[in-house]
Amino acid sequence: MERLKEASIQVLKSKCRACGEEFEAKRTTMAYGMSFTQRLCQSCQKRGTEIYLEDEANEIRAECRGRVRAKRDAIFKRVGKKYSLKSFSNFSPGNQSQEKALTVSKKFAEEIKGWLFLYGPAGVGKTHLAVGILNKIWPYKPVFYPVAELLLHLRSSLREKTEEEAIEPFKNAPILILDDLGVEKITDWVRQAFYVIIAHRERNELPTIFTSNLSLDELEERIGDDRITSRIAGSARIVKIEGADYRLKEKRT
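How each quantity is defined
Residues numbered from 1 in each chain as written. Predicted model: local features only at pLDDT ≥ 70, side-chain atom pairs only at ≥ 80, totals over all residues. Heavy atoms only, no water. Helix = DSSP H or I, 4+ residues; strand = E, 2+ residues; numbered from the N terminus. Buried < 20%, exposed > 50% of the residue type's maximum accessible area, 1.4 Å probe, protein only. Patch = residues over 30% accessible without salt bridge, like charges linked within 9 Å, V, L, I, M, F, W, Y side chains within 5 Å. Areas by Shrake-Rupley, 256 points an atom, 1.4 Å probe, with all protein chains shown as cover. Salt bridge = Lys/Arg side-chain N within 4 Å of Asp/Glu carboxyl O. Lys, Arg positive; Asp, Glu negative; His and termini not counted. Charge placed at Lys NZ, Arg CZ, Asp CG, Glu CD. Phe/Tyr/Trp six-rings, centres within 6.5 Å; stacked < 30°, edge-to-face > 60°. Pairing = 2+ DSSP bridges. Arc of directions from axis to C-beta. Contact = heavy atoms within 4.5 Å. Polar contact = N/O pair within 3.5 Å; in protein donor to acceptor, adjacent residues only side chain to side chain.

**Q** How would you explain the overall build of the protein chain if you had to name every residue and give the values?
**A** The secondary structure content of the protein chain amounts to ten helices and eight strands. Taking all 253 residues of the protein chain together, the buried fraction comes to 42%.

**Q** Let's hear about a positive patch on the surface: which residues, and what values?
**A** Together, Lys100, Lys107, Lys113 and Arg237 make up a positively charged patch on the protein surface. Note on placement: Lys107 falls in helix H3 (residues 96-111). Classification of Lys107 by relative accessible area gives partly exposed; the value is 45%.

**Q** Can you tell me about the packing of aromatic side chains, naming the residues and giving the values?
**A** Both the distance between ring centres and the angle between the ring planes are used here to describe each pair of aromatic rings. Inspection of every chain in the model, using the stated rule, returns four aromatic pairs. Where Phe117 meets Phe210, the ring centres are 6.4 Å apart and the plane angle is 50°; that geometry is what we call tilted. Here the residue Phe117 occupies a position in strand S4 (residues 115-119), and Phe210 occupies one in strand S7 (residues 208-212), the gap between them amounting to 93 residues. Classification of Phe117 as buried rests on a relative accessible area of 0%.

**Q** Describe the pairing of strand S2 (residues 22-29), and please don't skip the residues or the numbers.
**A** Pairing analysis gives eight bridges linking strand S1 (residues 8-15) to S2, with the strands arranged antiparallel. Each residue of the ladder has a partner; that of Ser8, found in S2, is Thr29. Hairpin geometry of S1 and S2 is characterised by an intervening segment of six residues between the two adjacent antiparallel strands and by a positive phi of about 85° at Gly20.

**Q** Help me get a handle on helix H5 (residues 147-157), residues and values and all.
**A** Within the sequence span of H5, burial applies to Val147, Leu150, Leu151, Leu154 and Ser157. Projected down its long axis, H5 carries its buried residues within an arc of 125°, all on one side. Looking at the buried positions of H5, the neighbouring elements they touch are strand S5 (142-146), helix H6 (163-172), strand S6 (175-179) and helix H7 (188-203).

**Q** Kindly report on the environment of Arg231, identifying the contributing residues and their values.
**A** Within the secondary structure, Arg231 is located in helix H9 (residues 226-235). Taking the C-alpha atoms as reference, Arg231 lies 7.0 Å from Glu202; in sequence the two are 29 residues apart. Beyond its immediate chain neighbours, meaning those up to four positions away, Arg231 contacts Trp115, Tyr195, Ile198, Ala199 and Glu202. In terms of polar contacts, Arg231 uses its side chain to reach the side chain of Glu202, at 3.1 Å.

**Q** Just give me the short version of unusual backbone geometry, but keep the residues and values in it.
**A** Within the chain, Asp180 stands out as a residue other than glycine whose phi angle is a positive 65°. On the secondary structure map, Asp180 appears in the loop between S6 and H7. A positive phi angle, close to 50°, is found at Glu205, a residue other than glycine. Topologically, Glu205 is positioned in the loop between H7 and S7.

**Q** I'd like a description of the side chain of Lys126, backed by residues and values.
**A** As for its placement among the helices and strands, Lys126 is situated in helix H4 (residues 126-137). Buried charge without a partner: Lys126 forms no salt bridge, and the closest opposite charge is Asp180, 5.5 Å away. A polar atom in the side chain of Lys126 sits 3.1 Å from the backbone oxygen of Gly120. A distance of 3.1 Å separates a polar atom in the side chain of Lys126 from a polar atom in the side chain of Asn213. For Lys126, the residues in contact, after removing those within four places along its chain, are Leu118, Tyr119, Gly120, Pro121, Thr211, Ser212, Asn213 and Ile241.

Here it is, written out as structure tokens:
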């Protein structure tokens, strides 16, 4: 995914902030929602007229920072305070499998394409690495959900939306991160919802990350639908992470 191509340019009729002449202004909108509008006509730009630069530009920057902060807060709300500052730089590999997982996660964050399935026992850094990816790519509209919370969200959404409307944001999210796949209570509805989301994302090659305590074989037995695990196996880089539970280790020290 080439990030620069995700910006769009719109031509608008506007008045120059310096001389008041009408001109065609360019509004550039980035992929993550921030927009920048040309404020001076060509003549004033050539003369270096920047009467608004100090006060107005500072105001614009503050507004942009506020928008970015609000978007980040919304995205990281489901990550939680404990994990929101997790990054690649503060991930400390304790063995070869964790070093490999860190390398693969960094590569995913740079390329933002394909699927990634991180699995292993509790406390080996799966969520840390998933949030590390999120921190690296977050302006580009990733969706992060612990799977149990995703199911609660979908069920509550059904009070006002159809099933198709409720599932739509997860089918088409530019980047989807599903944390702790396999902990949820499996019902026919849950199984079908997962299949619809995963099958759609596979067909459209939308970047997707999963973390799980279970291997794909264990996950297939848990979910009871080999169509789901088959699509993950066929599309994802599978990375097993081993090691002791760092939460228990920290508690003992």
